[in-house]
Amino acid sequence: QLQLVESGGGLVQPGGSLRLSCVVHGSFSGYYHIGWFRQAPGKQRDEVSCISTKDGDTYFDPSVKGRFTISRDIAKNTVYLQMNSLKPEDTAVYYCATMRKSGYVCYAFPEYDVWGQGTQVTVSS
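Report on the accompanying structure. If you're wondering where the values come from, they're calculated on a predicted model, not measured in any experiment.

### Here we look at the overall build of the chain
Moving on, step 1. Check the secondary structure of the chain and you find zero helices and eleven strands.
Moving on, step 2. For the chain, the succession of helices and strands along the chain, N to C, is β-β-β-β-β-β-β-β-β-β-β.
Moving on, step 3. The dimensions of the chain, computed from C-alpha atoms along their principal axes, are 40 × 25 × 25 Å.
Moving on, step 4. The proportion of buried residues among the 125 residues of the chain is 44%.
Moving on, step 5. When contacts within the chain are restricted to residue pairs at least 6 apart in sequence, long-range pairs at least 24 apart make up 58% of them.
Moving on, step 6. About 6500 Å² of surface is accessible on the chain, with carbon and sulfur atoms providing 46% of the total.

### Section: the packing of aromatic side chains
Moving on, step 1. Counted by the stated rule, this structure contains seven aromatic pairs.
Moving on, step 2. For the pair Phe37 and Trp115, a centre-to-centre distance of 4.7 Å together with 55° between the ring planes defines the contact as tilted. Highlighted residues: Phe37 in strand β4 (residues 32–39) and Trp115 in strand β10 (residues 114–115), separated in sequence by 78 residues.
Moving on, step 3. A relative accessible area of 30% places Trp115 in the partly exposed class.
Moving on, step 4. Members of the aromatic cluster, joined through ring pairs, are Phe37, Tyr59, Tyr95, Tyr107, Phe109, Tyr112 and Trp115.

### Overview of the pairing of strand β8 (residues 78–83)
Moving on, step 1. Of all the six residues making up β8, five are buried; the element is thus mostly covered by neighbouring parts of the structure.
Moving on, step 2. In the sheet, strand β3 (residues 18–25) pairs with β8 via six bridges, with the strands oriented antiparallel. Residue pairing for β8: Arg19 is matched across the bridge by Gln82.
Moving on, step 3. As paired elements, strand β7 (residues 68–73) and β8 share six bridges and run antiparallel to each other. From the neighbouring strand, Ser71 faces β8, where its bridge partner is Tyr80.

### Structural notes on the sheet that holds β8
Moving on, step 1. On the basis of which strands lie adjacent, the open sheet formed by four strands has the order β1-β3-β8-β7 and antiparallel pairing. The two strands at the open ends of the sheet, each matched to only one other strand, are β1 (3–7) and β7. Across this sheet, the average inter-strand angle for adjacent strands is 15°, counted without regard to direction.

Criteria and thresholds
Counting starts from 1 at the beginning of each chain's written sequence and moves along it residue by residue. Note on the predicted model: pLDDT of at least 70 is required for a residue's local features to be given, and 80 or more for side-chain atom pairs to be given and counted; whole-chain, interface and lining totals, by contrast, use all residues. Computation of side-chain values: all heavy atoms of the structure, hydrogens and water removed. What counts as a helix is a DSSP run of H or I of at least four residues, what counts as a strand is a run of E of at least two, and both are numbered from the N terminus. Classification of residues uses two cut-offs on accessible area relative to the type maximum, computed with a 1.4 Å probe and protein chains only: under 20% is buried, over 50% is exposed, and between them is partly exposed. Contact criterion: two residues are considered in contact whenever any of their non-hydrogen atoms come within 4.5 Å of each other. The accessible surface values rely on the Shrake-Rupley method and a 1.4 Å probe; as for residues, cover is taken only from the protein chains in view. Pairing of aromatic rings covers Phe, Tyr and Trp, the last counted by its six-membered ring, and requires centre-to-centre distances within 6.5 Å; plane angles under 30 degrees mean stacked, over 60 mean edge-to-face, and any other angle means tilted. Two strands pair under a simple rule: DSSP has to find at least two bridges between them. Between N-to-C directions, angles cover 0 to 180 degrees, with each direction set by a line fitted to C-alpha atoms, over the stretch in contact for helices.

Listed below in structure tokens is the structure:
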């Protein structure tokens, strides 16, 4: 069974940092790519970043590019989202997800179909 669990959210002041973790209970050989998404109150779910499980290629939404980084630890089946220079508009529930279909780039975001439970990130002074 494929399961994703996010952690690392919390309350942080503007300009601060958080590192989110996504632990995948399954082999990196058994699924394709990891994406990070976020959903703010009253808003749709938006893409944030992704990393390829094949070669580590990455994508960042323009709203976070230069502030966030994504990385993977294959031995731990874990993907991290390092969030720096956080802004109030980054406040959202953050989700990680993976796709079960092969043949897509990691930023083919509609193809993600297995989701974690989400972790709350609140940026406020």
